[in-house]
Amino acid sequence: MRFLLRRALFYLVTAWAAITINFMLPRMLPGDPVQAMIARFQGRLSTDAIASLYVLFGLDTESSMFSQYVTYWGNLFQGDLGLSFTYFPTPVSEVIAQSIPWTLALMGVTTIISFVLGTMIGVYAGWKRGSWIDSLLPITTFFSAIPYFWLGLIAISVFAVSWGAFPAAGGYEPGLIPSFSWEFISSALYYSVLPALTVLISSIAGWILGMRNMMVTVSSEDYVTVAHAKGLPEKRVMLGYAARNAVLPSISGFALSLGFIVGGTLLVEMVFSYPGIGYVLFTGVNAKDYPLMQGIFLIITMAVLVANLIADVVYLVLDPRTRKAA
Amino acid sequence: MTPVLEIRDLSVDYGQGEGAVHAVSSVNLVLNRGEVLGLAGESGSGKSTLAYAMTRLLPPPGLITGGEVLHHGRDKPEPVDVLGLTPKQLRSFRWNDIAIVFQGAMNSLNPVSTVAAQLEDIYRAHRPEMSRAQRTKRSAELLRLVGISADRLGSYPHQLSGGMRQRVMIAMALALDPEIIIMDEPTTALDVVMQRQILEQMMRLREELGFSVLFITHDISLLVEFSDRIAIMYAGRIVEQAASEDMYRASSHPYSKGLLGSFPALHGPRRPLTGIPGSPPDMRTVPSGCPFHPRCPSAFDVCEREIPVLEKLSGANGDSSRSVACWLNTPSLSGHPGVGAT
Amino acid sequence: MKSALNGKTIAGLSIMGFFVLIAIVGSWIAPYDPSAMSGDIMSPPSGAHWFGTTQTGQDIFSQVLVGARGVLIVGLVAGAIATLLSVLIGVTAGFLGGVADEFLSALSNIFLVVPALPLIIIVTSFLPDAGDFLIAFVISATGWAWGARILRAQTLSLRQRDYVEAARATGERTWRLIVFEVMPNLTAIIASSFVGTVIFAVLSVITLSFIGVASVSNWNWGTILFWAQNAQALAQGAWWWFIPAGLCIALLGTALALINFGIDEYVNPRLRTSAGGSKVKMRVGFTPVLRQEGGRS
């Protein structure tokens, strides 16, 4: 229990740090970015919008840095992340709310499949050493070195452009209205195949290699020899004794890899114009839509922290040594 | 004295080809029914390798390169060729007929599994007809046998003390009522008081349940006290075998003499402690001929050239259980009348 | 260290060496100025243009050659700075323990958990026209944490070893203990951490260029892909535009990963895949038996 409390406290501190970084960033910009914004929008901004821009960039000379900070926190708790420039005057929170389900679906499903499949393959590869699986290692290494987005580009060029088997961009058939109808869902699934496969192939190598190495280390531990000496069936030794212990670092490492996977998925979305958060971030970056970028950064960070917490709970369940209860 | 386990000419290597290390070379050993046979030697002498190789438990890159292991079962007419069993047969043979009490270090128990689970999975594998209730009952009985209360069944290994863990290992070994129990350094990680308690408990259990014991340790003083016969290994070979009394009072091999002279006797006249000069050989570069010759005070010309074979003691009458691998034992070569006559 | 030079490390180092060479001499041996436009628009690989041309007639082969420098400079500089940071923070935390350790660990954990790529994207997009070194700096500021954590764990375990205690007992000063007793044992891990960080840095800078956040006037492999994406190279079937750059990235990444494997196997010999020339198949739990009457595994 204490373990969980410590971790929760840590996540709160991290969240605070992320929010503060977010707060500080626009204030580090040289020059007067608001004027640049006004010039760009050529008089289409209302006085209210201009005022809020000044507040956003911290150039509001009427309040001190500290009170700005407090206001910022206040806004956050109300769910106010500011107004987006590109989708003006839509609030950032709305833009994110529309796109995040797509990312969650794509990333959530592929990460789970990649983790489960990769770990299982790793278990076999590590247990049956010297088998043909070992010769696959260089290939999987190569795949893990390929940037996600480049694999996506190749996938598009091969499957979409040349072969025409899958769509090259988008999240669903243009013209369809998002709803829970089968027509929409099947279209969404169809459009998600290529992006999902890209993320899957790029990320699975890491899980396989990590698990294999752990299995190799664990299978020379004493308790595995004892399990064999007891005459237990091989599957029981491999799973109940070896894999059960070898998987622990993968789970605590899951949290760390998550940051990397998030990055990769964002890129895949950009390449496929998949209507998730990554794509929105991409358009935001190009348009210098600072409120949107900041909002996305915050949401992504919070989501990763929550995922970390879940991974910690899973670890707590799996490793009795972390439970200090008598 | 009927043999329950016979090891004939067993050789074990680590690795293959040029760089292979000969950890055990041509070992002959007999364990008789109901006796305690002690196996002593320094680290690297091959005694643990021998113990694990017997049931093919050696992890890679271990490799058995020759010899046989024969088990003469209580109710089996024919001896079982252990090394020739198929994996399936070997799996059912293991723990049923030969069990091992491993060193109760933290690592010998699965850290993510309860004590109960680790006892019960033996029954699940070997006695599938037992019901869950029977398994739990039997596991509790096993713990009681070694003096641990049954409410420890739900504990995890990290919640037990070192002594308790060792006793759990003993309980595990007794689960299927085996004929042979191999104890591999069972007390090395424990303090002296705990050592004594555990060993005395083991011996009590032996009398009660009637299994034979192969007791492996580097601490020869324990063997003198607890075992019926002692075999001494050096550089992968057995150099001497004798009843413990004989070994203690008048050992033949210079190495045995050195070992026994290294610890003080509690009773009897004071004598100076002798050690053995030098250190045990690196198994990758074993000396030619008798591996002990560089450190042996009585070495002579043959010792460097030819490996002595384990032979019955010459000059000894009747008692054929004594044997030694030493050229001093061959009167024609050494000019000695024969060590047994000393 | 001889066994560190096994097949994998050698392969990795050679590929890496090849790219370093290209990075150094790239702009001299490139047949064309990578930004020079010509009349050969969107042409596939030919004798005049080995990798074909872009839609403004620029020679892709030259772009790839020159681009190697941008990638490698950022990669190696970022890797060096990040490794230096991770050594400083990780070893200090592991060695000093107590409050300093708690604080430094919390700091590294924060940087570990926060997703690196979004952070880098945000920070870089807030900065005006970011050059190579600035980008390298931002990348190293986000990427040091992973190495720091590993080094801290290793230092913790080394600190308790007897020889360190012995040195401490003779009154050796703390910094000398760190530098002369602990550090030499950390070399393999520091090397591995450096390589890992370089991989991270290379991928990050390419990503940044691809999105268009980093300055697109400096040529690197990511910029090539940026322009390719911009010009809809995919839709037009101009495969030659984006394949070479991507392949180079993958090759460099693989080379670095191979070097890392080599180091891993040196540190943990059990990880080596089938030691040369094993005729008998090893199997966990069943020692193979060789016998005259025909072997059995």
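Remember, predicted model here, so these are calculated numbers, not experimental data.

### Focus on the interface of chain A and chain B
Then comes step 1: Counting residues at the interface gives 26 residues for chain A and 22 residues for chain B.
Then comes step 2: Between chain A and chain B, roughly 2,100 Å² of surface is buried when both sides are summed, and carbon and sulfur atoms account for 59% of that area.
Then comes step 3: One salt bridge connects K230 of chain A with D121 of chain B, and the closest N-O pair in it is separated by 3.4 Å.
Then comes step 4: Joining chain A to chain B, the criterion identifies ten residue pairs in polar contact (both at pLDDT 80 or more).
Then comes step 5: Every element with two or more residues in the side of chain A that touches chain B is listed here: helix 9 (222–229) and helix 10 (234–272) of chain A.
Then comes step 6: Looking at the side of chain A that touches chain B residue by residue, the classes come out as eleven nonpolar, five polar and ten charged.

### A short note on the environment of G126 of chain A
Residues and elements named next belong to chain A.
Then comes step 1: Within the fold, G126 resides in helix 5 (residues 92–127).
Then comes step 2: Given the relative accessible area of 0%, G126 is considered buried.
Then comes step 3: Taking C-alpha positions, G126 is 8.5 Å from S219, a pair spaced 93 residues apart along the chain.
Then comes step 4: Setting aside residues no more than four positions away along its own chain, G126 makes contact with R212, M215 and V216.

### A short note on the pairing of strand 8 (residues 212–217) of chain B
Residue and element names in this part refer to chain B.
Then comes step 1: With six of six residues buried, strand 8 lies mostly within the body of the structure.
Then comes step 2: In this structure, strand 3 (residues 36–40) lies alongside strand 8, joined through five bridges in parallel fashion. Bridged to L37 within strand 8 is L214.
Then comes step 3: Handedness of the crossover joining strand 7 (residues 180–184) and strand 8 through helix 6 (residues 192–209): right-handed.

### Points about the pairing of strand 10 (residues 237–243) of chain B
Residues and elements named next belong to chain B.
Then comes step 1: With five of its seven residues buried, strand 10 lies for the most part within the structure.
Then comes step 2: Here strand 9 (residues 229–234) pairs with strand 10 via six bridges, running antiparallel. Within strand 10, the residue paired with A231 across the bridge is Q241.
Then comes step 3: Connecting strand 9 to the antiparallel partner strand 10 that follows it, the hairpin turn spans two residues, and A235 within it adopts a positive phi of roughly 50°.
Then comes step 4: Sheet topology places strand 10 next to strand 12 (residues 323–324); two bridges connect them, and they run antiparallel. Within strand 12, the residue paired with Q241 across the bridge is S323.

### A closer look at the interface of chain A and chain C
Frequently, the measure chosen for interface size is the accessible area that the parts lose on association.
Then comes step 1: The interface is formed by 58 residues belonging to chain A together with 46 residues belonging to chain C.
Then comes step 2: Of the roughly 4,800 Å² buried at the junction of chain A and chain C (both faces included), carbon and sulfur atoms supply 78%.
Then comes step 3: Summed over the three residues of chain A that lose the most area to chain C, namely W150, L256 and F297 of chain A, the buried surface amounts to 12% of that side.
Then comes step 4: If you look at where chain A meets chain C, you find one salt bridge.
Then comes step 5: We note a salt bridge from E102 of chain C to R6 of chain A, for which the minimum N-O separation is 3.7 Å.
Then comes step 6: Connecting chain A to chain C are zero residue pairs in polar contact (both at pLDDT 80 or more).

### Examining the environment of S202 of chain A
All names here are of chain A.
Then comes step 1: With respect to the secondary-structure elements, S202 resides in helix 8 (residues 182–218).
Then comes step 2: Separated by 102 residues in sequence, S202 and I100 have C-alpha atoms that sit 22 Å apart.
Then comes step 3: If sequence neighbours within four positions are ignored, S202 has contacts with F143, S144, Y148 and L151.

### Some words on the pattern of salt bridges
Then comes step 1: Across all of its chains, the model carries 19 salt bridges over all chains by this definition.
Then comes step 2: Across the pair R321 of chain A and D319 of chain A runs a salt bridge whose closest N-O atoms are separated by 3.0 Å.
Then comes step 3: For R321 of chain A, a relative accessible area of 33% corresponds to the partly exposed category.
Then comes step 4: With relative accessibility at 4%, the residue D319 of chain A sits in the buried group.
Then comes step 5: For E35 of chain B, the salt bridge goes to R229 of chain B, with nearest N and O atoms at 2.6 Å. In this pair, E35 of chain B sits in the loop between strand 2 (21–32) and strand 3 while R229 of chain B sits in strand 9, placing the two residues 194 residues apart along the sequence.

### Focus on the side chain of T110 of chain A
Residues and elements named next belong to chain A.
Then comes step 1: With respect to the helices, strands and loops of the structure, T110 is situated in helix 5.
Then comes step 2: Accessibility expressed as a relative area gives 4% for T110, which makes it buried.
Then comes step 3: Excluding its chain neighbours within four sequence positions, the residues that come into contact with T110 are A196, V199 and L200.

### What to know about the nonpolar core
Then comes step 1: Judged by nonpolar contacts, the single largest core of 145 residues is most densely connected at M215 of chain A together with I139, W221, L225, F242 and L252 of chain C.
Then comes step 2: When residues of this core are assigned to their parent elements, the largest contribution, 19 residues, is made by helix 10 of chain A.
Then comes step 3: When residues no more than four places from it in sequence are discounted, the contact partners of F242 of chain C are W150, L153, I154 and S157 of chain A together with L225, A228, A233 and L234 of chain C.
Then comes step 4: Core analysis: the second largest hydrophobic core is formed by 103 residues, L29, M169, I220 and C296 of chain B among them.

### Remarks on the sheet that holds strand 10 of chain B
All names here are of chain B.
Then comes step 1: Taken in spatial order, the eight strands line up as 6-7-8-3-9-10-12-11 in an open sheet, and their pairing is mixed. With one partner strand each, in any of the chains shown, strand 6 (98–101) and strand 11 (311–312) form the two edges of the open sheet.
Then comes step 2: Sheet strands touched by helix 5 (residues 162–174): strand 6 and strand 7. Its angle to strand 6, the strand with the most contacts, is close to 180°.
Then comes step 3: Each of strand 3, strand 7 and strand 8 is contacted by helix 6, which is oriented at about 170° to strand 7, the strand it contacts most.

### Considering the confidence of the model for chain C
Residue and element names in this part refer to chain C.
Then comes step 1: Residues at a pLDDT of 70 or more form 89% of chain C, whose mean pLDDT is 78.
Then comes step 2: Between the elements of chain C, mean pLDDT differs from a low of 74, seen in helix 7 (residues 162–169), to a high of 86, seen in helix 2 (residues 60–96).
Then comes step 3: Segment residues 293–297 is flagged for pLDDT under 50; beyond a separation of four residues in sequence, or across chains, it makes eleven contacts in the model.
Then comes step 4: Here the predicted complex scores 0.79 on pTM and 0.84 on ipTM.

### Structural notes on the packing of helix 12 (residues 290–318) of chain A against helix 4 (residues 116–126) of chain C
Then comes step 1: Axis separation between helix 12 of chain A and helix 4 of chain C bottoms out at 10 Å; the angle between their running directions is 160°. Classified by the angle between their axes, helix 12 of chain A and helix 4 of chain C sit roughly antiparallel to one another. The interaxial crossing formed by helix 12 of chain A with helix 4 of chain C has left-handed handedness. Contacts between helix 12 of chain A and helix 4 of chain C involve Y290, M293, Q294, F297 and I300 of chain A from the first element and P118, L119, I122, S125 and F126 of chain C from the second.
Then comes step 2: Looking at the contact of helix 12 of chain A with helix 4 of chain C, its residues break down into eight nonpolar, two polar and no charged.

About the cut-offs
- Each chain carries its own residue numbering, running from 1 in the direction its sequence is written.
- Key to labels: chains lettered from A, ligands numbered from 1, both in the order written.
- Per-residue local features are limited, in this predicted model, to residues with pLDDT of at least 70; the limit for side-chain atom pairs, both in listing and counting, is 80 or more; totals at the level of whole chains, interfaces and linings are taken over all residues.
- To obtain the side-chain values, all non-hydrogen atoms of the structure were included, while hydrogens and water were left out.
- Note on contacts: a residue pair qualifies if any of its non-hydrogen atoms lie within 4.5 Å across the two residues.
- Buried area counts how much accessible surface, traced with a 1.4 Å probe, disappears from two parts once they are put together, with both parts' losses summed.
- The working definition used for a salt bridge is a side-chain nitrogen of Lys or Arg within 4 Å of a carboxyl oxygen of Asp or Glu.
- Whenever two N or O atoms come within 3.5 Å, that pair is a polar contact, provided that in protein one can donate a hydrogen and the other can accept it, and provided that, for residues adjacent in sequence, both atoms are side-chain atoms.
- Every helix listed is a DSSP run of H or I at least four residues long, and every strand listed is a run of E at least two residues long, numbered separately from the N terminus.
- Following the grouping adopted for this structure description, the nonpolar residues are Ala, Val, Leu, Ile, Met, Phe, Trp, Tyr, Cys and Pro, the charged ones are Asp, Glu, Lys and Arg, and the polar ones are all others, Gly among them.
- The cut-offs for exposure are 20% and 50% of the maximum accessible area for each residue type, with area from a 1.4 Å probe on protein chains only; residues under the lower value are buried, those over the upper are exposed, and the others partly exposed.
- When DSSP finds two or more bridges between a pair of strands, those strands are recorded as paired.
- With strands facing away from the observer, any crossover in which the path from the first strand over the helix to the second runs clockwise is taken as right-handed.
- In plain words, nonpolar cores are sets of buried Ala, Val, Leu, Ile, Met, Phe, Trp, Tyr and Cys residues tied together by side-chain atoms within 4.5 Å.
- Helix axes use the C-alpha atoms of the stretch in contact, all axes being lines fitted to C-alpha atoms, and the angles between their N-to-C directions lie in the range 0 to 180 degrees.
- Summary of the metric used: pLDDT quantifies the predictor's per-residue confidence within the range 0 to 100.
- Put simply, angles under 35 degrees are roughly parallel, angles over 145 are roughly antiparallel, angles from 65 to 115 are roughly perpendicular, and the rest are oblique.
- The handedness criterion is simple: a crossing whose near helix is rotated anticlockwise from the far helix by less than a right angle is left-handed, and one whose near helix is rotated clockwise is right-handed.

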